[in-house]
Amino acid sequence: MSESCVNQSRCGTYTTLWLNGSHPQTEDGIVTRGVCGRSGSNCCFYRSTPIRVKACPGNYYIYEFVKPSFCYTAYCADGIVTREIYGYHRSLKDPSPVIPCNSYKSNSIQVKACPGDYYVYRLVKPAVSIPMPTYCAVVLDAPSYDPCNNCASLYQPWRGTNETGGSNSDRFTNWNGWYRLLYYRMSGRMPESCVNRSRCGTDVTLWLNGSHPEIEDGIVTRGVCGRSGSNCCYYRSTPIRVKACPGNYYVYEFVRPSIYFAAYCAVPITANDPCNNYTALDQPWRATNATGLNICDKNFYWNGWYRLLYNRMSVRMPESCVNQSRCGTAITLWLNGPHPQTEDGIVTRGVCGSSGNNCCYYRSTPIRVKACPGNYFVYEFVRPTICSAAYCADVKTIKLSITPTTPSHTAVSGTPTNITSDPCSVYSVLIDDWRKMHRLDVGLDFYFDDTLVEWSGWYRLNLKGNSAQIPEFHLCWSSMTCGGYTALFLNGSHPRPEDGIVTREIYGYHGSVKDPKQCNSYRSNPIQVKACPGNYYVYRLVKPAVSIPVPTYCAVKTTLNDPCNNYTALDQPWRATNSTELNICDRLFNWNGWYRLLYYGMSVRMPDSCVNQSTCGTDVALWLNGPHPQIEDGIVTRGVCGRSGSDCCYYRFVPIRVKACPGNYTVYEFVKTYLSDAAYCADVKTITPTALSAKTPNNITSDPCSVHSVRKQDWRKIDSLYLNNFDDTLVEWNGWYRLFLQGQNAQIPEFKWCWSYITCGGYTALFLKGSHPCPKDGIVTREIYGYHRSTKDRSQCNSYESNPIQVKACPENYYVYRLVKPAVSIPMPTYCAVQLDAPSYDPCKNSTSLDQPWRGANETGGSNSDRVTNWNGWYRLLYKGKSVRMPESCVNQSRCGTYYSLWLNGSHPQIEDGIVTRGVCGKYRSDCCYYRSTPIRVKACPGNYYVYEFMRPSFSHAAYCADQNFTVSAECMKDFTKTCANKLFNQIKRSVNPVLPTDIVQLALEQTLKNQTMNSVQNVAIGNQVLNRTEILVSTLVNCQQDNYSVFSFSVQGLEVQVFAVGLNASLSNTPQLSINNAQMNIDLIQISVNSNGSAAVAFMSYTNLSSVLKPSLFSTTNNAVKTMMSTVISATLPRTTNQQLDTPVNFTLKHIAEIDPSGRLHCVYWDNTQWTVDGCDLLQTNSSHSVCSCVHLSTFALIMQTKTPSDDKSDPVVENIIMVAVAVGLVFLSLALLTFAVYRQNLRVTNTAQINLCISLLLAHLLFLLTQKFIHYIRPQQLLCAVLAGVLHFLFLSAFVWMFIEAVLLFISVKNLTTIRSKVKESLQGKWVVVIGYAVPLAVVFMSAGLAPNGYGSEKCWLRKDFLWSFLGPVSFILAANTVLFISILVILFLTLKNMKDEILKIKRSESDHRLFRSVAWKAMMQIIILGCSWILGFFADDNKALEIVFIVLNSQQGTFIFLVHCVFNQEVSPHLFYFKTTVAD
């Protein structure tokens, strides 16, 4: 982007946007820069939204462009561009021209195009790897030969501008060199002005955008244009080079056009002298001294040569700069070069327009000029390239002595022909629809000018076949025009027939006049008027005053009848001034005639004061700018205003005519508004109590199938294209009606046809609530619903409820309806129509094959749109020759060769269902049916395929999908082999949420279950494959986009299946119990669907013979017990459910298939791909025939009974009693130790923080563990509580081991300091930091473990799961190893210290207290083997050794006992107090 100011009207726009700041460097990353736009001399007058910029490796930049904050702006690209450099040498082996000449790639260079038609290059050193490279050069714009002598003749008469038809395209021509055009053996040339389309033997006609050169000009380059609509240069093709040759002909260097179906045009070269064939342009507003206008010559239809006049005197264009805002325009165009002499012939001159101090800031299209005998000039004016700009006439060059010579057909003055006959009989008809009054902003592309017309005689006006008249002065309104720049009105009323011929003045007005209330800005020449029998007028029109800028006589339709007796009652309550929240537009109404406003049958009138916005059912509420007339006033004209902000008349609309009628009501001649979202208001404050009398419908006693009216109105077809504002409340309904669409039987659509953006000619579409009757039902009554796309919830198609109607089904398959006036409270309702569901032919035998692989649901890319397809009839989908069907489930965006992928919202029918109607959905973000398109009809055909009656989708960038994943062949349908099953599974893997027919799923399941009876080591693999494939196949039966709920079951050999699905609009309060062979399941699917955005499904399956594969022996236990399968194997899954988390456990009731052994133990187990396990499942209750299992997850389940073998002797009562007593004793002594520490804490000289916290951790851990196991059956079903308790136990046991480690460290420090007996706390570890370490470390381990494996807590015993035990055993193993090392170190230090004491006891006499302290420390160290937890090491070896297991339990349960003995009973600081306490108690 440019970093400096860019002039206006550059970069393809008006306001050019440039970067207000320097570009970043690569290392700067992404930076934000301001964006400026120039206005006048202020380079940053406009400040747009800042953008982000980044410099990229490779010397280029990328910009995050955003929508500018104002219109007519565009981001600019600096003229300096970077280009790559390629190299080629002839020594290469294959110099074939089809091989690109990019054998070498050199360093890039920068290039800039400069004014004056040349280029400059920033050359750099080429890559040294290229052998001897040199930059090449060619001559610019100059061929090496004279094209006039070396050209090909192009004799193709179809290129003539008057030739029609043909589909030639010059894009497919192999152009090479220069060409001379011939037209029927005559020299031809390309036209220099606009050519209509479908001429020149092609569609887009190419013409030369500029004048042809003269011989002395040499070779020039000219643009090439093609017309589209009213824009003559809508298509801009590749420019071509042109040369004028001696002999009055031209040669062209044609190239391939840049557009298809375009061809260069040809016209014959004529020898007519423009000095004798021109149009006199006497428009004084072009004078260089004329100001105050804003005319644009770009709106004129220029054709040929023109001579400039100023009030009938010859003038010429100025040759020097003209100030802005002169010549009746803003940008004044002057001739950039001297006028030619007569001998110079035709020359080409540039045209300039000034801006600021730059006289040639604007450069328009050059024009041709010729000096003529008689001292005047003619100009071949063309449309300028800019607005508002106009060609100037230099009043300083007026030639007073010269009388302008003007061709006869363009005479400057003339006397009107005197007609003696009655002008009502002899007149000409002006059929110029452009004369109709309209606003400037909805005007035509071209200006017309009645001063250039040779008026002669009398004229009658006509508008679109209707009689018209020149509007009277009171019809003037702001910003109006009628084809020109100045609108001409009649000053005074029209005469009556008895008045004869009268003279009326003519006034002129244009919207640029400062005071729009003054419609007499100009006064033209008077005209004569006569009223004729038959209610029309004739006018003797004359040339308007040339002083008036571009004047045209206006026309309006003539009123014939009294509107008080010929009006339409407009009872539309939504027009009321208190009606809000609609967006209706009167611009779409086909207004025709006069209207009376009603409000629920009562007369109202338009408000004549300001009305707030967003009322009257629209955005801009229209009110009458003036008082209502009285009856004696007759028809008056009133302005119409609309409010914006605080300006009540910000919008000024086309005035309307108003008339007060007898009976105290008013009628209005409403016209189309120029602004969207605007509507005429009805003032509810003016309600007149007198209501219109309602018509009584005819009582029809005959059969309505025989006596009915026919409605053939194609606009009633449901679609989103018709934007006409029809209203069935304005129709006088009476009797029975039969509907037709395009000549075929039609019916009112049923409620199921509702879809997004639907309309059928009005604002609210009316549907039939309920189905149509059968012939035997007779006449039935049906309710009517209404819907419009402005409704906030597009899924609610019953936004309105209208009056019921009667319906009857008739023989020969059609319906008749007794239609009534819809409820007027509904905004603009219309009864919709669709074609009947039964075509006159079998669609299966009369369909079109649609084999377009891009429609595949897996195909990406593409921008196809079925909205532009002309659908007609029925279609069969194919994918590369194979039959496919539409997908029945959600398809992601940007599939099927389009953006919105359309899928069938419902299942495909069976053959016996006949033709059915199905909705069509398109996904947007996470909503699979965000877009609801037009429903389509579907039919199942013999041969396993479907046909569809496709219709135009209701939104763009959407296409119907083809589910190419499921192409089950006819051979597989007859014999579904293993190969067919494997192919089907591969197709399922490649698809997204496929939905399969039940019959195909059953065939695949039968094939899957054939391999489950193998007895080998492959049993586990076979079982897993059966389970996996069964779950996948059953999931394809679930359509996650269904609306309500569904339950269906089926069975195949060895398997029974039941599926329950809850849709988005299901109204269930609880889920029914699912029941299959020998099993029932209770699951809260309603809550699961709430967690899954409204839809969920559960599949319940029972396998009869799978226990022979997944045997009970695969249930792993610690003994050699006998395992017996007590139930069938069942599976439960949640297919196509987004959130599969269970808030409450699922209960299964399993019927026993074997007799229960009283000594046996039942286990609820699930399959984990390798074995049966019990994690997450508990047995709630059991009896002789059934058992109830509760599980916190879904999987494959079974009931297994475990019975003991004779050798089992695990339950020893003596061992169990020893364990209970030992644990109880340990808890008692832990409590005593804590009590002792609490009482005598202040008497101790050595800190005991570690012992206290160790006792607390052990006491809480053992107590919580015992309570949990005691009440395990109550805790286990509460999964969250069980997991929390497991986490707390994890923390407490880890905390106990950490405190054991801290105690070991403190003891080690104490023993190490024995040589200088010191026991000050500050010389070991600070107490407050010890507490932090003791609890922070285990807490961190628990949090880290929970983060890594959140499901690791909550086993069957509310402890850690097997695969999660590392989080406990890892830290414990580390601490036990460290404590063992520390304990051994303590023993070694004590041994060496005792040995030294024997040698030094005689040298140093220590005190008795020191010896006691030494012995106490030594004794404590020996007892710490239990306190430090070293005995826990026995747990790694006590698995199958009963004696070792007893020792392990007893020792570790007595940690509290040893703590009490060592730190309380044998503590010399505590024992005297205990003895004193004992003596005191005894006394």
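These numbers were taken from a predicted model, which means no experiment stands behind them.

## Brief notes about the overall build of the chain
The number of helices and strands found in the chain is 15 helices and 75 strands. Taking all 1483 residues of the chain together, the buried fraction comes to 48%. In the chain, once contacts between residues fewer than 6 apart in sequence are set aside, the share between residues at least 24 apart is 67%. Approximately 72000 Å² of the chain is accessible, and the part contributed by carbon and sulfur atoms is 52%.

## Comments concerning the pairing of strand β34 (residues 536–540)
Most of β34 sits out of view: five of its five residues are buried. Along β34, one buried face is formed by Y536, V538 and R540 and the opposite face, lined by Y537 and Y539, is buried too. For strand β33 (residues 522–532) and β34, the ladder comprises five bridges, and the chain directions are antiparallel. Bridge pairing links Q528 to R540 in β34. Where β33 hands over to β34, the hairpin turn is made up of three residues, of which G534 adopts a positive phi near 100 degrees.

## Focus on the sheet that holds strand β8 (residues 118–122)
Hydrogen bonding along the main chain pairs the strands of a sheet, whether they run parallel or antiparallel. In space, the three strands of this open sheet follow the order β6-β7-β8, with antiparallel pairing throughout. Looking at strand neighbours, the two that pair on one side only are β6 (81–87) and β8, the edges of this open sheet. Adjacent strand axes in the sheet meet at a mean angle of 40 degrees, parallel and antiparallel pairs treated alike.

## Details of the packing of aromatic side chains
All told, the structure shown has 61 aromatic pairs when counted by the stated rule. Here Y260 and F261 contribute two aromatic rings whose centre-to-centre distance is 6.5 Å and whose plane-to-plane angle is 50 degrees, an arrangement assigned as tilted. Ring centres of W302 and Y391 lie 5.9 Å apart, and the angle between their planes is 80 degrees; on these two criteria the pair is classed as edge-to-face. With W302 in the loop between β18 (279–282) and β19 (306–310) and Y391 in strand β25 (residues 389–391), this pair connects stretches of sequence that are 89 residues apart. With respect to class, W302 is no different from Y391; both count as buried.

## Focus: the environment of T848
Assignment of secondary structure puts T848 in strand β55 (residues 848–851). With residues near it in sequence (within four places) discarded, T848 still touches W874, Y875 and R876.

## A closer look at the state of the cysteines
As enumerated under the stated definition, the model contains 27 disulfides in all. Each sulfur of the disulfide joining C148 and C245 lies 1.9 Å from the other. Judged by the torsion about the S-S bond (-85 degrees), the C148/C245 disulfide is left-handed. Remark: C245 occurs in strand β14 (residues 231–245) and C148 occurs in the loop between β8 and β9 (152–155); sequence separation between them is 97 residues. For C1282, the disulfide goes to C1358, at an S-S distance of 2.2 Å. Taking the sign of the S-S torsion, -125 degrees for the link of C1282 and C1358, the bridge is left-handed. With C1282 in helix α9 (residues 1279–1312) and C1358 in the loop between α10 (1327–1348) and α11 (1366–1400), this residue pair connects regions lying 76 residues apart in the sequence.

## Observations regarding helix α14 (residues 1455–1465)
For α14, a buried count of nine out of eleven residues is recorded, marking the element as mostly surrounded by other parts of the structure. Of the positions making up α14, those classed as buried are Q1455, G1456, T1457, F1458, I1459, F1460, V1462, H1463 and C1464.

## A few points about the packing of helix α7 (residues 1249–1270) against α9
Packing of α7 against α9 leaves a shortest axis separation of 8 Å and a crossing angle of 155 degrees. Taken together, the axes of α7 and α9 lie roughly antiparallel to each other. Considering how the two elements wind past one another, α7 and α9 form a crossing that is left-handed.

## So, unusual backbone geometry
Omega for the peptide link from C387 to S388 comes to -5 degrees, which places this bond in the cis form. When you line up the elements, S388 lands in the loop between β24 (376–380) and β25. Unlike most non-glycine residues, C896 shows phi in positive territory, near 60 degrees. Mapped onto the fold, C896 is located in the loop between β57 (882–883) and β58 (900–905). Residue N1169 is not a glycine yet carries a positive backbone phi of 80 degrees. Note that N1169 resides in the loop between β71 (1161–1167) and β72 (1172–1173).

## Points about a positive patch on the surface
A cluster of like positive charges, contributed by K436, K464, K557 and K672, occupies part of the molecular surface. Among the structural elements, K672 can be located in the loop between β43 (665–669) and β44 (678–680).

## Quick word on the sheet that holds strand β4 (residues 60–64)
Strand order in the open sheet made by the five strands is β4-β3-β2-β1-β5, with mixed pairing throughout. Every interior strand has two partners, whereas the edge strands, β4 and β5 (73–75), have only one. Strand-to-strand, the axes of this sheet are offset by a mean angle of 40 degrees, without reference to chain direction. Pairing between strand β1 (residues 15–20) and strand β2 (residues 30–39): four bridges, direction antiparallel. Opposite L19, over in β2, you have V35 as the bridge partner.

## Things to note about a nonpolar patch on the surface
Where nonpolar side chains cluster on the molecular surface, the patch consists of Y119, Y121, L123, V124 and Y135 and spans about 480 Å² of accessible area. Of note, Y119 is situated in strand β8. Among the residues examined, Y119 registers a relative accessible area of 41% and is labelled partly exposed.

## Observations regarding a negative patch on the surface
Side chains of E216, D217, E343 and D344 sit close together on the surface and give a patch of like negative charge. Looking at the element boundaries, E216 is found in the loop between β12 (204–209) and β13 (219–228). Using a relative accessible area of 61% as the deciding quantity, one classes E216 as exposed.

## Considerations on the packing of helix α3 (residues 998–1008) against helix α4 (residues 1019–1035)
Axis separation between α3 and α4 bottoms out at 10 Å; the angle between their running directions is 175 degrees. In terms of orientation, α3 and α4 fall into the roughly antiparallel class. Across the interface between the two elements, V1001, A1004, L1005 and T1008 of α3 pack against V1026, R1029, T1030 and L1033 of α4. Across the contact of α3 with α4, the residue classes break down as five nonpolar, two polar and one charged.

## Notes on the confidence of the model for the chain
Per-residue confidence for the chain gives a mean pLDDT of 82; residues scoring 70 or more make up 84%. Taken together, the stretch residues 401–417 has pLDDT below 50 and engages in 33 contacts with residues farther than four places along the chain or on a different chain.

## Considering the side chain of R716
Relative to the helices and strands, R716 resides in the loop between β46 (709–712) and β47 (737–741). In this structure the side chain of R716 is engaged in a polar contact, spanning 2.9 Å, whose partner is the backbone oxygen of Y831. Once residues within four sequence positions are removed from consideration, R716 is found in contact with D728, W733, C760, T830, Y831, C832 and A833.

## Points about α4
A turn of α-helix holds 3.6 residues, and therefore any two residues three or four places apart point the same way. For α4, spanning 17 residues, the distance from its first C-alpha to its last is 24 Å, which sits close to the expected 24 Å at 1.5 Å a residue. Along α4, the positions that sit buried rather than exposed are N1019, I1022, G1023, V1026, L1027, R1029, T1030, L1033, V1034 and S1035.

## Looking at the pattern of salt bridges
On inspection of all chains with the given rule, the structure shows 28 salt bridges. Taking the shortest distance from any N to any O, the salt bridge between D728 and R716 comes out at 2.8 Å. With D728 in the loop between β46 and β47 and R716 in the loop between β46 and β47, this residue pair connects regions lying twelve residues apart in the sequence. Across the pair, exposure class does not vary: D728 and R716 are buried alike. The salt bridge partner of D842 is K939, with a shortest N-O separation of 3.8 Å. Here K939 lies in strand β60 (residues 927–941) and D842 lies in the loop between β54 (834–835) and β55, a separation of 97 residues in the sequence. Classification of K939 as buried rests on a relative accessible area of 14%. Three or more residues joined by partner-sharing salt bridges are found here, namely R189, E192, R368 and E380.

Reading the values: the criteria
Residues numbered from 1 in each chain as written. Predicted model: local features only at pLDDT ≥ 70, side-chain atom pairs only at ≥ 80, totals over all residues. Heavy atoms only, no water. Helix = DSSP H or I, 4+ residues; strand = E, 2+ residues; numbered from the N terminus. Buried < 20%, exposed > 50% of the residue type's maximum accessible area, 1.4 Å probe, protein only. Contact = heavy atoms within 4.5 Å. Areas by Shrake-Rupley, 256 points an atom, 1.4 Å probe, with all protein chains shown as cover. Pairing = 2+ DSSP bridges. Axes fitted to C-alpha atoms, helices over the stretch in contact; angles between N-to-C directions. Phe/Tyr/Trp six-rings, centres within 6.5 Å; stacked < 30°, edge-to-face > 60°. Disulfide = S-S within 2.5 Å. Parallel < 35°, antiparallel > 145°, perpendicular 65-115°, else oblique. Left-handed = near helix turned anticlockwise from the far one by under 90°. Patch = residues over 30% accessible without salt bridge, like charges linked within 9 Å, V, L, I, M, F, W, Y side chains within 5 Å. Salt bridge = Lys/Arg side-chain N within 4 Å of Asp/Glu carboxyl O. Lys, Arg positive; Asp, Glu negative; His and termini not counted. Charge placed at Lys NZ, Arg CZ, Asp CG, Glu CD. Nonpolar A, V, L, I, M, F, W, Y, C, P; charged D, E, K, R; others polar. pLDDT = per-residue confidence, 0-100. Polar contact = N/O pair within 3.5 Å; in protein donor to acceptor, adjacent residues only side chain to side chain. Expected span 1.5 Å × (residues − 1).

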